[in-house]
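Chain by chain, the residues run as shown.
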Amino acid sequence: MSNEHDDYDYLFKIVLIGDSGVGKSNILSRFTRNEFSVESKSTIGVEFATRSIEIEKKVVKAQIWDTAGQERYRAITSAYYRGAVGALLVYDVTKKGTAITKEIKLISYSLETFADVEKWLAELRDHADSKIVIMLTGNKCDLQHLRSVTTQDAEIYAAKEDLLFLETSALNSVNIDAAFQKVLSVIHERSQTLEPIQNKQASENLVEIEKSKAVAREKCCS
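Residues numbered from 1 in each chain as written. Predicted model: local features only at pLDDT ≥ 70, side-chain atom pairs only at ≥ 80, totals over all residues. Heavy atoms only, no water.

Asker: How should the sheet that holds strand β1 (residues 10–17) be read in this particular structure?
Answerer: As a general point, the strands of a sheet are linked pairwise by backbone hydrogen bonds and lie either parallel or antiparallel. Strand order in the open sheet formed by six strands is β2-β3-β1-β4-β5-β6, and the pairing between neighbours is mixed. Every interior strand has two partners, whereas the edge strands, β2 (46–55) and β6 (164–167), have only one. With strand direction ignored, the average angle separating the axes of adjacent strands in the sheet is 25 degrees. Direction of pairing for β1 relative to strand β3 (residues 58–67): parallel, over a ladder of seven bridges. Bridging across to β3, Phe12 finds its partner in Ala62. (Pairing = 2+ DSSP bridges. Helix = DSSP H or I, 4+ residues; strand = E, 2+ residues; numbered from the N terminus. Axes fitted to C-alpha atoms, helices over the stretch in contact; angles between N-to-C directions.)

Below, the structure written as structure tokens:
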């Protein structure tokens, strides 16, 4: 009889990146547990969760890492890009960073997340595999009255950087499943030249090793 470790054909590591407060943890909890917390606090270190979905009659298990968005934790989370084949680069549609008017350049702040998208993208491309599938994800699209970043601007940026793009709402569960489904489908399509995972126990051991490192690093830096 198969156990829970034997019920998938592919194992893909996905990372959530972006500034603190953009909703990464709620995107993770909405996708993996269908939960949303209004009082969600900033993640310290790395949170880890999994969910399996079916793609083309194959069971794909996503192991999803929520990397801390606060600037001081970037050194901790950079190691966790290793092995990632997909990423959701999340920003808050209600916050926009640097804006240039006729002769005045406004200075962006760390919480103005759209300005930091480029920095996160550069970090991701520095540390992750060059073939990683990246989706630009504009979260909190339910807050239309507070919107600062237009869908069109984000679409143009995504096209320029060769990224997938969707707007989401973790609160209202809008496009959360669709975002992961799209990323995992593209990864699965690209992986068809590879064999499905045969040594699943080795893969699970790798996950545990990475998770242990996360705990160790968090303790030494606390």
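Asker: Is there a simple way to think about the confidence of the model for the protein chain in this case?
Answerer: For residues with low pLDDT, the predicted coordinates do not support detailed interpretation. When pLDDT is averaged along the protein chain, the result is 79, and 69% of the positions lie at 70 or above. Mean pLDDT across the secondary structure elements of the protein chain bottoms out at helix α6 (residues 200–220), with 48, and peaks at β6, with 98. Low pLDDT, under 50, characterises residues 197–206; the predicted model gives this stretch 13 contacts beyond four residues in sequence or across chains. (pLDDT = per-residue confidence, 0-100. Contact = heavy atoms within 4.5 Å.)

Asker: For this particular structure, what's the right way to read unusual backbone geometry?
Answerer: Peptide bonds are mostly trans, and most non-glycine residues show a negative phi. Within the chain, Lys57 stands out as a residue other than glycine whose phi angle is a positive 65 degrees. Tracing the chain through its elements places Lys57 in the loop between β2 and β3. Its relative accessible area of 78% is what places Lys57 among the exposed residues. Positive phi, normally seen in glycine, also occurs at Ser173, with a value near 55 degrees. Overall, Ser173 belongs to the partly exposed group, its relative accessible area being 37%. (Buried < 20%, exposed > 50% of the residue type's maximum accessible area, 1.4 Å probe, protein only.)

Asker: What is the right way to look at the pairing of β3 in this model?
Answerer: In the case of a regular strand, side chains alternate between the two sheet surfaces. Among the 10 residues in β3, eight count as buried, and that is most of the element. Two successive antiparallel strands, β2 and β3, enclose a turn made up of two residues, where Glu56 displays a positive phi of approximately 50 degrees.

Asker: Any chance you could explain the side chain of Thr137 here in plain terms?
Answerer: Relative to the assigned elements, Thr137 resides in strand β5 (residues 133–139). With residues up to four places along the chain from it excluded, the contact list for Thr137 reads Leu88, Leu89, Val90, Tyr91, Leu166 and Thr168.

Asker: I tried to follow the environment of Asn139 on my own but got confused; where do I start?
Answerer: Take Asn139: it is sitting in strand β5. Asn139 gets classed as buried once you look at its relative accessible area, which sits at 3%. Put simply, Asn139 and Thr168 are 29 residues apart on the chain and 4.6 Å apart in space, counted from C-alpha to C-alpha. Excluding residues within four positions of it along the chain, Asn139 makes contact with Val22, Gly23, Ile27, Val90, Tyr91, Asp92, Val93, Thr168, Ser169 and Ala170.

Asker: What should I look at first to understand helix α4 (residues 151–160) in this one?
Answerer: For an α-helix, the turn length of 3.6 residues means that residues three or four places apart are oriented alike. Among the residues making up α4, those that are buried are Ala154, Tyr157 and Ala158. Buried residues of α4, viewed axially, fall in a sector of 100 degrees; they line one side. Exposed side of α4, more than 90 degrees from the buried face: Gln152, Ile156, Ala159 and Lys160 are the residues found there. Asp162 occupies a position one or two residues after α4 and carries a positive phi of about 60 degrees. (Arc of directions from axis to C-beta.)

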